[in-house]
Amino acid sequence: MCPLLKYINFSFAILIIGLLSSCAPTKDKAIGVIVENAMVVTAREEASNIGIEILKNGGNAWDAMMATELALAVSYPNAGNIGGGGFMVYRTNEGEIGALDYREKAPKKAYRDMYLDSSGNVIPNKSINGAMAVGVPGTIAGIFEAHRKFGKLSVKEIIQPVIDLANRGVVVTEKEAERIAKYQEIFGKINKDSILLQNNWKAGDTIKYKALAKTLVRIQKNGEDEFYKGETAKILTKFIQDNGGIINHEDLSSYKPVWRKPVSFNYDNLRIISMSPPSSGGITLAQIFNTIEPYDLQKYGHNSVKAIQVITEAERRAYADRNFFLGDPDFVSIPTKQMMSKDYAKNRMQNFSFKKATPSSEVAHGVIEIIESTETTHYSIVDQYGNAVAVTTTLNGNYGSKLYSNELGFFLNNEMDDFSSKPGVPNMFGLIGAKANEIQPEKRMLSSMSPTIVEKDGKLFMVVGTPGGSTIITSVLQTILNVHEYGMPMQEAINQPRFHHQWLPDEVIFEPNGFSSKILDTLKGKGYNVKEQETLILGKVEGILVLPDGRLEGGADRRGDDKAVGF
């Protein structure tokens, strides 16, 4: 065979091999719902649909916020609420950013040691169950305040679909049936009379929320004053006091939401905008991102040993500072500038080594001179005008204080447990607080809720948030990293298994079955206390990603009944 023929045959073989290899199967990445104009992502399809309905009718993101928040109170009563509170971060289509704090407040009769016995010990469950656990609700004031500043449609038009949903009823899902069954016994212990959710509800049943519908009709007619000064306020305060609580008419009538300046910081070519105190989310996110920025996570690989080490050690140090320094900025001085400094973050990692874990006993708060439920809920909205809102709202624990008003049709929060009942003693979720978060009258309790908006090269890039208590911050962090560092679509980024560290207890929690035994064994060998918790879901992220062509990808967490809807 002549040399030329040999060369042609060899080249042809290389070409065939190259073609075959290029056609080799690759792992498909999960892609969420993609739409042209607008997107709403929530914990329940019913709420997402109502939010989108409002947008289709010409409303904007804040109109959809009011409708979505109230629809979650109907369709997702374990966390959606009008008896709780929350935070909203926004970005207008012109790039203006802002934040609204409608977090619950301590009643005027609250005091520092109200959950301690005569010996100074925490009274079990007093800050968790029943009327004494209830903070002054902020949800209704919050959504009306946001609508007053930005809304387009009438309140009547916005609330009517929610009233219709409450009267029509909501179909019980498998997950909801399991959740209701789990809390049947405690509902009976906390409430004097049998409540709606004590019925033997099964998946496929329809629950009609008639009492809540009547409450919403009054709010639709009379506005926020109905909840804080009207008939609803009178019924609510009497109900709380009849059950041993201390909230009174003055607590409700004097409640006001607060516009805050959001926390904003840069990571690579991203600008991350998140909630400011009394949320710990923004500052803690900033500290973690600043700490990991010098490390090449992309090179280490997604959820590799090295990447997990860097993120875990950054979290360890940031949560130590969170628990000590953060609280309600109207009551305590917070060293925000220092905590968000890149130099400070670098100094905090000086004792980090890839060879072994840094024990939390060796990590105190920094040298510059804070608790909470996994059953929050988050929703993300981008409207057809280019406005974006990220909202996280909560009752704190599942069904809050478990105290339910049959006459009004909703559960009340147990947010008082988010205060430090006693500095140095962990709350129901293992977070240890300090003096900055001690109970004071009219003070807002510290939160981990982290509604977050991300810009890339000056343009809207991502809207993201999650429930998960102390795991909120780390779930938001990892979702952003999955998109930015590892090039994942939004749905793929949300689907990924997650891990969490919060300084104390000194353990790294991993989602079950998401990490190889080799990785976990390697981390154990380096001194990490690895824990896979079967019962813990590390967040249920709701995210929207703006694609290069301007379309929107909505990602809804597979861990719940969550749904992205758009047009």
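Here the residue numbering is sequential within each chain, running from 1 through the sequence in written order. Restriction of local features to residues with pLDDT of at least 70 applies here, the model being predicted, together with a cutoff of 80 or more for giving and counting side-chain atom pairs; totals for whole chains, interfaces and linings are based on all residues. Excluding hydrogens and water, the side-chain figures rest on all heavy atoms present in the structure.

(A) The arrangement of the UniProt feature "active site" (unreviewed entry) in the chain in detail. UniProt positions are given in the numbering used here, feature names are shortened, and annotations may be inferred rather than shown by experiment. Within this numbering scheme, the UniProt entry marks Thr 376 as carrying the feature "active site" (unreviewed entry). Each helix corresponds to a stretch of at least 4 residues labelled H or I by DSSP, and each strand to a stretch of at least 2 residues labelled E; elements are numbered beginning at the N terminus. By secondary structure assignment, the location of Thr 376 is in the loop between helix H15 (342-348) and strand E10 (377-382). Whether two residues are in contact is decided by their heavy atoms: any pair within 4.5 Å suffices. If we ignore the near neighbours within four places in the chain, the residues touching Thr 376 are Ala 79, Thr 392, Thr 393, Thr 394, Asn 396, Met 449 and Pro 467. Reaching out from Thr 376, the side chain makes a polar contact with the side chain of Thr 394 at a distance of 3.0 Å. Two N or O atoms count as a polar contact when they lie within 3.5 Å, although within protein this holds only if one can serve as hydrogen donor and the other as acceptor, and sequence-adjacent residues are included solely when both atoms are side-chain atoms.

(B) Spotlight on the pattern of salt bridges. Basic side-chain nitrogens of Lys or Arg form a salt bridge, by our definition, when they fall within 4 Å of a carboxyl oxygen of Asp or Glu. According to the stated counting rule, one finds 29 salt bridges in the structure shown. Here Glu 313 and Arg 316 are joined by a salt bridge, their closest N and O atoms 2.9 Å apart. A residue pair is termed a helical-turn pair when its members lie 3 or 4 positions apart in one helix, as Glu 313 and Arg 316 do in helix H13 (residues 305-325) at three residues. Side by side, Glu 313 and Arg 316 carry an identical accessibility label, which is buried. Residues joined in a network through salt bridges with shared partners are Asp 101, Arg 260, Asp 328, Asp 330 and Arg 444. Working definition: with a 1.4 Å probe on protein chains only, accessible area under 20% of the residue-type maximum means buried, over 50% means exposed, and in between means partly exposed.

(C) Geometry of the side chain of Ser 360. As for its placement among the helices and strands, Ser 360 is situated in the loop between H15 and E10. Residue classification places Ser 360 among the buried positions, given a relative accessible area of 3%. Engagement of the side chain of Ser 360 in a polar contact is seen with the side chain of Arg 316, the distance being 2.9 Å. Sequence-distant contacts of Ser 360, defined by excluding residues within four places in its chain, comprise Arg 316, His 501, Trp 503, Leu 504 and Asp 506.

(D) Structural view of unusual backbone geometry. Between Pro 277 and Pro 278 the backbone carries a cis peptide bond, its omega angle lying at 20°. Mapped onto the fold, Pro 278 is located in the loop between strand E9 (270-274) and helix H11 (281-292). The peptide bond linking Leu 504 to Pro 505 adopts the cis configuration, its omega dihedral lying at 0°. One non-glycine residue with positive phi stands out, namely Asn 125, at about 70°. With respect to the secondary-structure elements, Asn 125 resides in the loop between strand E4 (97-102) and helix H4 (139-150). A relative accessible area of 45% means that Asn 125 is categorised as partly exposed. For Trp 503, which is not glycine, the phi dihedral falls at a positive 75°. Take Trp 503: it is sitting in the loop between strand E16 (499-500) and strand E17 (508-510).

(E) Just the sheet that holds E16, in detail. Any two strands between which DSSP finds at least two bridges are classified as paired. Read from one edge to the other, the open sheet built from three strands follows the order E16-E17-E18, with strand pairing classed as mixed. This sheet does not close on itself; its edge strands, each paired only once, are E16 and strand E18 (530-532). With three bridges connecting them, E17 and E18 associate as parallel partners. Pairing of Val 508 across the sheet is with Val 530, part of E18.

(F) Local environment of the UniProt feature "binding site: L-glutamate" (unreviewed entry) in the chain. UniProt records the feature "binding site: L-glutamate" (unreviewed entry) for Arg 103, Thr 394, Leu 395, Asn 396, Asp 418, Ser 447, Ser 448 and Gly 469 in the present numbering. Here Arg 103 falls in the buried class, since its relative accessible area comes to 0%. A polar contact of 3.4 Å, which involves the side chain of Arg 103, links it to the side chain of Glu 104. Its location among the elements puts Asn 396 in the loop between strand E11 (388-394) and strand E12 (404-405).

(G) Molecular detail of helix H7 (residues 210-222). Helix span, as expected, comes to 1.5 Å for every residue beyond the first. Over its 13 residues, H7 runs 19 Å from end to end, which matches the ideal 18 Å to within 8%, given 1.5 Å per residue. When H7 is considered as a whole, its buried residues turn out to be Leu 212, Ala 213, Thr 215, Leu 216, Arg 218, Ile 219 and Gln 220. The inward-facing, buried residues of H7 contact helix H3 (61-75), H4, helix H5 (155-168), helix H8 (224-228), helix H9 (231-242) and strand E13 (410-411).

(H) Region of interest: the packing of aromatic side chains. Here a Phe, Tyr or Trp ring, Trp counted by its six-membered ring, pairs with any other such ring whose centre lies within 6.5 Å, and the pair is stacked when the planes are under 30 degrees apart, edge-to-face when over 60, and tilted otherwise. Throughout the structure, instances matching the rule amount to 24 aromatic pairs. Where Phe 265 meets Phe 289, the ring centres are 5.8 Å apart and the plane angle is 40°; that geometry is what we call tilted. Taken together, the residues span a long stretch of sequence, with Phe 265 in strand E8 (residues 263-267) and Phe 289 in helix H11 at a distance of 24 residues. Judged by its relative accessible area of 7%, Phe 265 falls in the buried class. Residue Phe 289 is classed as buried on the basis of its relative accessible area of 0%. Three or more aromatic residues joined by ring pairs form one cluster here, namely Tyr 183, Phe 187, Tyr 399, Tyr 404 and Phe 411.

(I) Local environment of the pairing of E8. Only one face of E8 is buried: it carries Val 263, Phe 265 and Tyr 267, and the other face, with Ser 264 and Asn 266, is open. The turn linking E8 back onto E9 is made up of two residues, and Asp 268 within it adopts a positive phi angle of 55°.

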